[in-house]
Structure formats: C-alpha cells, structure tokens
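Letter by letter, the chains look like this.
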Amino acid sequence: MRILVTGGFGYLGGRIAQSLSSEGHEIVLGSRKKQYPPKWLPDAEVVQIEWDNSECLLDICGKVDAIVHAAGMNSQDSLLDPEGAIKSNGKSTEKLVQASIDAKVFKFIYLSTAHVYCSPLHGKITEESLLLNKHPYASSHSIGEDALIFHSKTAKNFEGIVLRLSNGVGVPANRDANCWMLAVNDFCRQAMESGIIEINSPPGVERDFFPITLLCDTINSIVFQDKTNENIINVSSSKTKSLQEIIEIITNRTQKLFGFKPEIVFKNKDLISNKPALIISNNKLSEIVQIEDSLELEIDQLLIKCKEWFTRK
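Residues numbered from 1 in each chain as written. Predicted model: local features only at pLDDT ≥ 70, side-chain atom pairs only at ≥ 80, totals over all residues. Heavy atoms only, no water.

**Digging into the overall build of the protein**
Then comes step 1: Regarding its fold elements, the protein presents ten helices and 15 strands.
Then comes step 2: The C-alpha atoms of the protein give 19 Å as radius of gyration, which agrees with the globular expectation for 313 residues (20 Å, within 12%).
Then comes step 3: Taking the principal axes of its C-alpha atoms as reference, the protein extends roughly 55 × 45 × 40 Å.
Then comes step 4: Taking all 313 residues of the protein together, 52% fall into the buried category. (Helix = DSSP H or I, 4+ residues; strand = E, 2+ residues; numbered from the N terminus. Rg over C-alpha atoms; globule rule 2.2 N^0.38 Å. Buried < 20%, exposed > 50% of the residue type's maximum accessible area, 1.4 Å probe, protein only.)

Below is the structure:
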C-alpha cells in the first residue's frame, strides 16, 4: 500500500513512517519544506505540501491509498498563536480530508490528542466523554476531528479514524525532531548531556504515558484491516505514572546501561493535595491491537540515542 504520512519528518510522523515501511508499505513523507529523503528512511518519497493550495493537495492525495495525518501545531505554539492553531490543526485537516475524498483515498488516520477532553485530565475518560477543553491546542484539534468524522459518515468508500493520544514516549527517528520539550525526552537528554536531571513540576504529578511502539502497532493494525468499527480510539496505557516513578525508571536504566545514576533535582517539591484520579480507557484500542508494556524498552532506546546525539565528545 502507498501511504502518505504528513508531518513525516516530525517526532511521531518519523516513527510511524519507519514502522509502516518495515511492514512493506511505500511511504510518502509530507513536509511544508522541500526536502530530500532522510537517511533514516532513504527509500521514502518526499512531497512538499502547500496547505493553501487545493490543487497541490488533490495531486498528492491522488497518488496514495491511505493517509496518516500527523502534521500540526504543538501545544506550546498553539497557546502563543491560537489563530495559527485553528488554521494548522483544524482548517488544514479539513482541506486534506476533502482532497482525500475527491482523490478517492479510502483510509484516513488523524492523530489528535486526549487533551480535547478536559484540562487537567481527570476522572474516568472514554471516547464518549464530553470535550470540554478550550485550550487552543485542544479546540483546534476538535475542529479537525469534526471534519473527519462528518465526512467519514457521509462519504462513500472513505473511512476516517481519529486517534486521541495521551503522552507518547520513545526515541525520534532523528535528533532534529521537535520533541525535546516533552518530559521524558527532556529528562533522558539531561541525564546523558550533563548527568543532572532538573524537573520543574512537582514529583507527584501523574500522566498517562504509552510507548510509541503501541501507536505504531495501532496504525499498522488499522491499515491492515478492511474496516475499523470505531471512528474514535484513545491511544493510552489506561494507567498513570508519577514523574517520580518515571525518574526512577530512567535512573535505573542509566545504571543498567551506562553504570551511573544521574543527580535528580526537583525544583518544585510542593505536595499535590486532592490529586485527581485519571483513567483514560483503552478498551476500544485493545480490540484492535495487543497492548504490551514496553515503556522501559522505549526509554532504553531513547537513552542510547541521547548518549549518541548529546553526550559531549
């Protein structure tokens, strides 16, 4: 199958493209800039996407069988530029969905976020939970979701699947991916760069972390299936880990892999009172993919690459 991965040079897009390629698919990497095939996926074709050019979108979509839409503005940039977030995460997704239908692409997978539900995430969350978060990152993704789900229900021979992601953990395909502000990536980089991990948030903060291999396996499974029964699927571990627990995993793995434990500095040691419980249900996910706890393996690979990329020579 010939598959377009938008945001193909990004954190998740790169990993997804590598995974799909390993399954024998032909990969087209979509990028805003004109680029050559990367060293980490030399057999891929690269196309420059002009999001405001409907003819460009139609031409690109006309040459693929399926699309994984991983392009978009991150949370920090969305807060700084709410209008840009609506254009990037919402309107551009609408345009790509319409071009896909016009070009008779039969499967469209959209990477959204679990943060569409609420802020902070709390309680038992399922795919039927209300979308209450008004943060520009969340609300702009909701626009993209609505467009895809509407057309998936009305267009013939077109299937749209929204994947709402919690916190993915894993090594990027290349060191230039915009992912080093993410907690686990940042901690691993600090550990290998300086031997000291400084954490700004309280140690009791809890998040739902999942290994990126789970996301890749999910997309491989959806692409393989003729029809997926659900339009919206949470990609999560359905359990939480505190930053203290994540730090303990990282320090134990640095000891195992490299024979040292980094110094840990929590800059904010405030205790968290009335800490809200959080369960992001992955029951629908478990129906299409086997969920394995490979978080430690992802952290190992992340540490190894951080040593290669960031350790002072």
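**Considering the side chain of E159**
Then comes step 1: Locating E159 in the fold gives a position in strand β7 (residues 159-165).
Then comes step 2: With a relative accessible area of 4%, E159 lands in the buried category.
Then comes step 3: A polar contact is formed between the side chain of E159 and the backbone nitrogen of T228, at a distance of 2.6 Å.
Then comes step 4: With residues up to four places along the chain from it excluded, the contact list for E159 reads F106, K107, F108, S152, D226, K227 and T228. (Polar contact = N/O pair within 3.5 Å; in protein donor to acceptor, adjacent residues only side chain to side chain. Contact = heavy atoms within 4.5 Å.)

**A closer look at the packing of aromatic side chains**
Then comes step 1: For the structure on display, the rule yields five aromatic pairs.
Then comes step 2: Residues F9 and W40 carry aromatic rings whose centres are separated by 6.0 Å and whose planes lie at 75 degrees to one another, so their mutual orientation is edge-to-face. Here W40 lies in the loop between β2 (26-31) and β3 (45-48) and F9 lies in the loop between β1 (2-6) and α1 (11-22), a separation of 31 residues in the sequence. Both residues of the pair, F9 and W40, count as buried.
Then comes step 3: Residues W180 and W309 carry aromatic rings whose centres are separated by 6.3 Å and whose planes lie at 85 degrees to one another, so their mutual orientation is edge-to-face. (Phe/Tyr/Trp six-rings, centres within 6.5 Å; stacked < 30°, edge-to-face > 60°.)

**Details of the pattern of salt bridges**
Then comes step 1: According to the stated counting rule, one finds 17 salt bridges in the structure shown.
Then comes step 2: When the shortest N-O distance is used, the salt bridge between K87 and D52 registers 3.4 Å. Of this pair, K87 sits in helix α4 (residues 82-102) while D52 sits in the loop between β3 and α2 (54-61); the two residues are 35 residues apart in sequence, bridging distant segments of the chain.
Then comes step 3: A residue is classified by how much of its surface remains accessible, and D52, at 56% relative accessible area, is exposed.
Then comes step 4: Where D293 meets K239, a salt bridge forms, and the shortest distance between an N and an O atom there is 3.8 Å. Of this pair, D293 sits in the loop between α9 (283-286) and α10 (295-310) while K239 is found in the loop between β12 (232-235) and β13 (241-242), placing the two residues 54 residues apart along the sequence.
Then comes step 5: Take K239: its relative accessible area is 42%, and that puts it in the partly exposed class.
Then comes step 6: Salt bridges linked by common partners bring R2, E26 and E45 together as one network. (Salt bridge = Lys/Arg side-chain N within 4 Å of Asp/Glu carboxyl O.)

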